[in-house]
Amino acid sequence: MKKKFLNLGKQPLANSFLSSIKKNEFFYNLSVSFDTENFLVSVTNPVNPKKQYTDKYAHRASESKTMRNAFKNTANKLKKKFSPKLIMEIGSNDGVFIKNFLKKNIIAVEPCKNLANLTKKKFKTYPNFWNKLLAKKIFNKNKKADLIFSANTISHIPNIKETLKAIEFSLSDNGVFVIEDPSLKSVIKTNSYDQFYDEHVYVFSALAISTITKKFKLRLFDAEEVENHGGSIRYYICKEEAKYKETKKLIRIIKSEKKSGLDKYKTFLDFSKRVKKSKKDLITLLDRLKKNNKKIISYGATYKSTTVFNYCNIGTKYFDYVTDTTLNKQGKFTPGKHIPILSPKQGFNNSVDYAFLGAWNFKKEIIKKEKDFIKKGGKFITHVPFVKILK
Ligand code: JHZ
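All residue numbers refer to position in the chain's written sequence, counted from 1. With pLDDT at 70 or above as the cut-off, local features in this predicted model cover only qualifying residues; side-chain atom pairs require 80 or more to be listed or tallied, and sums for whole chains, interfaces and linings still use all residues. No hydrogens and no water enter the side-chain calculation; it runs on all heavy atoms of the structure.

A.B. asks: Any chance you could explain the site of the ligand here in plain terms?
C.D. replies: Close to the ligand lie 25 residues, the nearest being Y303, K304, D324, K329 and K369. Counted as a polar contact is a pair of N or O atoms within 3.5 Å, where, for protein atoms, one must be capable of donating a hydrogen and the other of accepting one, and residues adjacent in sequence contribute only when both atoms are in side chains. The separation between an oxygen atom of the ligand and a polar side-chain atom of D324 is 2.7 Å. With the chains in place, 96% of the 730 Å² that the ligand exposes on its own is no longer accessible. Each helix is a run of DSSP H or I of at least 4 residues and each strand a run of E of at least 2, with the numbering of both proceeding from the N terminus. Looking at the shell around the ligand element by element, the count peaks at three residues for helix α12 (residues 363-369). Gly falls in the polar group here, along with every residue not listed as nonpolar (Ala, Val, Leu, Ile, Met, Phe, Trp, Tyr, Cys, Pro) or charged (Asp, Glu, Lys, Arg). For the shell around the ligand, the per-class residue count stands at seven nonpolar, 11 polar and seven charged. One heavy atom suffices: a residue is near a molecule or strand as soon as one of its heavy atoms comes within 4 Å of it. Note that accessible areas follow from Shrake-Rupley with a 1.4 Å probe, and for residues the cover is restricted to the protein chains shown.

Here it is in structure tokens:
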């Protein structure tokens, strides 16, 4: 049974950066539920993916050094561990992962046409949504895949049953399905409620993945906690009959998730109370800084920020603008609250007193990069794990 625990109010699509402020912007109600049967935490009423993954998709996975390195390391690790011959990536974005493999071994799936266009010259790229139909199109003739990789994508697909059926069809007998997505334990522990937005239909736990895969002739046999995106889990899934044994590490992770209460509705109700407090604390802090005539901006026009800005009702009253390195976000306005987005060159300068870390998941990288800002008295604000000015 699905039980609601969090209401984040009316939200626009996290990716709908606007070229000009228009009146008929699309909004939906963002609430989050816990399924007591399979432990899945999900957006209660997901948005139609066709609205989200268009030819104007903004996010470029290569935009941070942290992620470029992370994908390279993951690719090398998977090559070593499984020596896969045929590899498929679902949600290949701008090719940040697949570029680490030989062209002849790769199949890329990417429904956003602007992104698929970036990789199609070099790699076999299907500009389609992942589903059973596509799996049949690819693998009816082809050999089955030895490795199917997908980072920050499987959690984005509402129909998890079809997703898994299509995976089971596409894997070779000892093939491995490796997915990486934000970890529910980290979200709950760090109060990072902004990991919930239209695209993050699910925030997975090992407990949930282990339960749901079993229903589709698959099984979770290993998992590892990784730092990416503020705390993620990499899951290793295989066919029911494959040769892999369940690892001790996986057992440990599931045990610690149970200890954190990820199998209990009450945990999520408590989280929801902390989210309300986070909103109150952030507004109190911003009000105080504004009363003292401080200039505040936001650093990183993240999708996560869409949730924060719209839930906390933060617009240009508080933030003069947002800076972001992504070319196709610059010159636009943030979804719903319409804060202008500038390039760091235009906007990140000595006039800024405080910068809210919209990209808090890259805190280390950003603080290292912006040493001068801090030296000159500039300060960062974060809301993760609780609202504070960074010292
Ligand atoms: P970042 C996206 O979410 C969308 P977002 C998606 N749904 C998902 O799951 C995750 O990614 C993985 C900028 N930046 O990665 C670049 C700077 O300006 O946290 C990006 O626009 N300066 C697929 O948007 C944004 O911040 C910098 O120094 O929440 C970061 O976005 C750095 C490091 C980043 O993902």
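A.B. asks: Please clarify how the pairing of strand β7 (residues 145-151) should be interpreted in this entry.
C.D. replies: Along a regular strand, successive side chains alternate from one face of the sheet to the other. The cut-offs for exposure are 20% and 50% of the maximum accessible area for each residue type, with area from a 1.4 Å probe on protein chains only; residues under the lower value are buried, those over the upper are exposed, and the others partly exposed. Among the seven residues in β7, six count as buried, and that is most of the element. Here strand β4 (residues 87-90) pairs with β7 via three bridges, running parallel. Opposite E89, over in β7, you have F149 as the bridge partner. The pairing criterion for strands is at least two bridges between them, as found by DSSP. Note: β7 against strand β8 (residues 171-182), six bridges, orientation parallel. Among the inter-strand pairings, I148 is bridged to a residue of β8, identified as F177. The handedness rule is simple: strands pointing away from the viewer, and a clockwise path from the first strand over the helix to the second, make the crossover right-handed. With helix α5 (residues 160-170) bridging β7 and the parallel β8, this β-α-β connection has right-handed handedness.

A.B. asks: Any chance you could explain the sheet that holds strand β3 (residues 41-43) here in plain terms?
C.D. replies: Strand pairing within a sheet occurs via backbone hydrogen bonds; the two strands may be parallel or antiparallel. Sheet architecture is open: four strands sit in the order β1-β2-β3-β9, paired in antiparallel fashion. In this open sheet, the two strands that pair with only one neighbour each are β1 (2-12) and β9 (202-203). Relative to β9, β3 runs antiparallel, the two being bridged by two bridges. Paired with S42 across the bridge in β9 is Y202.

A.B. asks: For this particular structure, what's the right way to read a positive patch on the surface?
C.D. replies: Two joining distances apply to patches: 9 Å for like charges and 5 Å for nonpolar side chains (Val, Leu, Ile, Met, Phe, Trp, Tyr), and every residue must have over 30% relative accessible area and no salt bridge. Here, a salt bridge means any Lys or Arg side-chain nitrogen found within 4 Å of an Asp or Glu carboxyl oxygen. Here Asp and Glu are counted as negative and Lys and Arg as positive; His is not counted, and neither are the chain ends. Where a charge lies is defined by one atom per residue type, namely NZ (Lys), CZ (Arg), CG (Asp) and CD (Glu). Where like charges cluster on the molecular surface, the positive patch consists of K65, R68, K72, K99, K368, K369, K371, K375 and K376. Secondary structure elements with two or more residues in the positive patch: α2 (65-82), α12 and α13 (371-375). Using a relative accessible area of 62% as the deciding quantity, one classes K368 as exposed.

A.B. asks: Just to check I follow, could you spell out the packing of helix α7 (residues 206-214) against helix α8 (residues 248-259) for this structure?
C.D. replies: The packing of two helices is summarised by the inter-axis angle and the distance between the axes. Relative orientation of the contacting elements α7 and α8 amounts to 115°, with a least axis distance of 8 Å. Classed by the angle they form, the pair α7 and α8 counts as roughly perpendicular. Counted together, A206, L207 and S210 of α7 and L250, I253, I254, E257 and K258 of α8 form the full contact between these two elements. Looking at side-chain class alone, the contact of α7 with α8 contains five nonpolar, one polar and two charged residues. Every axis in this analysis is a line fitted to C-alpha atoms, fitted for helices over the stretch in contact. Angles between the N-to-C directions lie between 0 and 180 degrees. Oblique is the label for every angle not falling under 35 degrees (roughly parallel), over 145 degrees (roughly antiparallel), or within 65 to 115 degrees (roughly perpendicular). By definition, residues are in contact when any of their heavy atoms lie within 4.5 Å.

A.B. asks: Sorry, what's going on with the pairing of strand β5 (residues 106-109) here?
C.D. replies: Where burial is concerned, the two faces of β5 agree: the one with I106 and A108 and the one with I107 and V109 are both buried. In the sheet, β4 pairs with β5 via four bridges, with the strands oriented parallel. From the neighbouring strand, I90 faces β5, where its bridge partner is V109. Relative to strand β6 (residues 124-126), β5 is paired through three bridges, and the arrangement is parallel.

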